[in-house]
Amino acid sequence: MAEPTERFETFLDAVGRAPIIPVLTVEGPAQAAPLARALAAGGVAAIEITLRRPGALEAIAAAAEAAPELLVGAGTVLDQRQLESAAAAGARFAVSPGATPALLAAARGWAHPFLPGVASASEIMAALAQGFRRLKFFPAAPLGGPAALKALATPFPEVGFCPTGGITRDSAPEYLRLGSVFCLGGSWIAPDALIDAEAWDEIERLARESLTALKAPS
Ligand code: 3PG
């Protein structure tokens, strides 16, 4: 069962240019618009806004409008209803911490890329059986970090992973050196404290610094 490649083209192009996806939990549009502009200025190409707060859908719409050069996605998508409302708000990809059979079935018919979350070989096999080959590995650091992902990826050479959970500026390059990792996500570029302080310049600086660190020789 093939995953529709063309559906992923824009997403893969964005994370190919800047493979760190900031994972953002915001109150609503007032925070999302300047945050999106700061991250775009810092070189980010794709952001994930989690559906964990009431204003998240409005935040997705505001981010997409404020920084049209960014690919804005929805995170913590748990069911079909959230998948549909995320797309209606302007999300162009979606991510889940896990996967249920119902969510995978809904996501197969969705118009945009969906990354189910996996934490074990059996979960990878369940996602593959439904045609998903690009998966979120979550929570990456508590599960054993790059060493765990390297071992888990070995039996599944056709799978691309986007690890998230506990990744930092310093650990990001090690994940991205794994051949199986095509992007990663994390909140360290825009942690809640900096968002609440509206420290947009600092967030822009952290984004630029994190992306630059990837280019440094190891
Ligand atoms: C999440 O869904 O919260 C992401 O995995 C981000 O995790 P982090 O806050 O540990 O970077």
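Residues numbered from 1 in each chain as written. Predicted model: local features only at pLDDT ≥ 70, side-chain atom pairs only at ≥ 80, totals over all residues. Heavy atoms only, no water.

(A) Highlighting helix α10 (residues 200-213). Here α10 contains 14 residues, and its C-alpha end-to-end distance of 20 Å stays within 8% of the 20 Å for a straight helix at 1.5 Å per residue. Looking at α10, one finds that the buried residues are Trp 200, Ile 203, Leu 206, Ala 207, Ser 210 and Leu 211. Projection of α10 onto a plane perpendicular to its axis shows the buried side chains occupying an angular sector of 125 degrees, all on one side. Buried residues in α10 make contact with β1 (20-24), α2 (29-41) and α9 (192-196). (Helix = DSSP H or I, 4+ residues; strand = E, 2+ residues; numbered from the N terminus. Expected span 1.5 Å × (residues − 1). Buried < 20%, exposed > 50% of the residue type's maximum accessible area, 1.4 Å probe, protein only. Arc of directions from axis to C-beta. Contact = heavy atoms within 4.5 Å.)

(B) Expanded view of the sheet that holds strand β6 (residues 117-118). With parallel pairing, 3 strands are arranged side by side in an open sheet as β6-β7-β8. Each edge of the sheet is formed by a strand with only one pairing partner; in this case those strands are β6 and β8 (160-163). Pairing between strand β7 (residues 134-137) and β8: 4 bridges, direction parallel. If you follow Phe 137 over to β8, its bridge partner there is Pro 163. (Pairing = 2+ DSSP bridges.)

(C) Layout of the pairing of β8. Neither face of β8 is open: one carries Gly 160 and Cys 162, the other Phe 161 and Pro 163, and all of them are buried. Regarding topology, helix α7 (residues 145-153) serves as the crossover connection from β7 to the parallel β8, and that connection is right-handed. (Right-handed = clockwise from strand over helix to strand, strands pointing away.)

(D) Structural context of the site of the ligand. Every residue lining the ligand is accounted for by Val 23, Arg 52, Lys 136, Phe 138, Thr 164, Gly 165, Gly 166, Gly 186 and Ser 187. One of the side-chain nitrogen or oxygen atoms of Lys 136 is found 3.4 Å away from an oxygen atom of the ligand. One nitrogen or oxygen atom from the main chain of Gly 166 is found 2.6 Å from an oxygen atom belonging to the ligand. Relative to its unbound accessible area of 310 Å², the ligand is 78% covered by the protein chains. (Near = heavy atom within 4 Å. Polar contact = N/O pair within 3.5 Å; in protein donor to acceptor, adjacent residues only side chain to side chain. Areas by Shrake-Rupley, 256 points an atom, 1.4 Å probe, with all protein chains shown as cover.)

(E) Region of the structure containing the packing of aromatic side chains. A complete count under the given rule lists 4 aromatic pairs for this structure. Centre to centre, the rings of Phe 8 and Phe 11 are 6.2 Å apart; their planes meet at 75 degrees, and the pair counts as edge-to-face. Taken together, the positions of Phe 8 and Phe 11, both in helix α1 (residues 5-17) and 3 residues apart, correspond to about one turn of that helix. Measuring from centroid to centroid gives 4.9 Å for Phe 11 and Phe 93, while their planes differ by 45 degrees, and the two rings are tilted. Taken together, the residues Phe 11 in helix α1 and Phe 93 in the loop between α4 (80-89) and β4 (94-95) connect sequence positions 82 residues apart. Residues Phe 11 and Phe 93 agree in their burial class; the two are buried. Here the aromatic residues Phe 8, Phe 11, Phe 93 and Phe 182 are joined through ring pairs into a cluster of three or more. Geometry around Phe 8 places Arg 134 over its ring, the cationic atom sitting 4.8 Å from the centre. (Phe/Tyr/Trp six-rings, centres within 6.5 Å; stacked < 30°, edge-to-face > 60°. Lys NZ or Arg CZ within 6 Å of the ring centre and 35° of its normal.)

(F) Highlighting the nonpolar core. Of all hydrophobic cores here, the largest spans 77 residues; its most connected members are Phe 11 and Ile 47. In terms of residue count, the dominant contributor to this core is α2 (6 residues). Once residues lying within four places of it in the same chain are set aside, the contact partners of Ile 47 are Ile 21, Pro 22, Leu 24, Ala 36, Leu 39, Ala 63, Leu 70, Leu 71, Val 72, Gly 73 and Phe 93. (Core = buried A, V, L, I, M, F, W, Y, C linked by side-chain atoms within 4.5 Å.)

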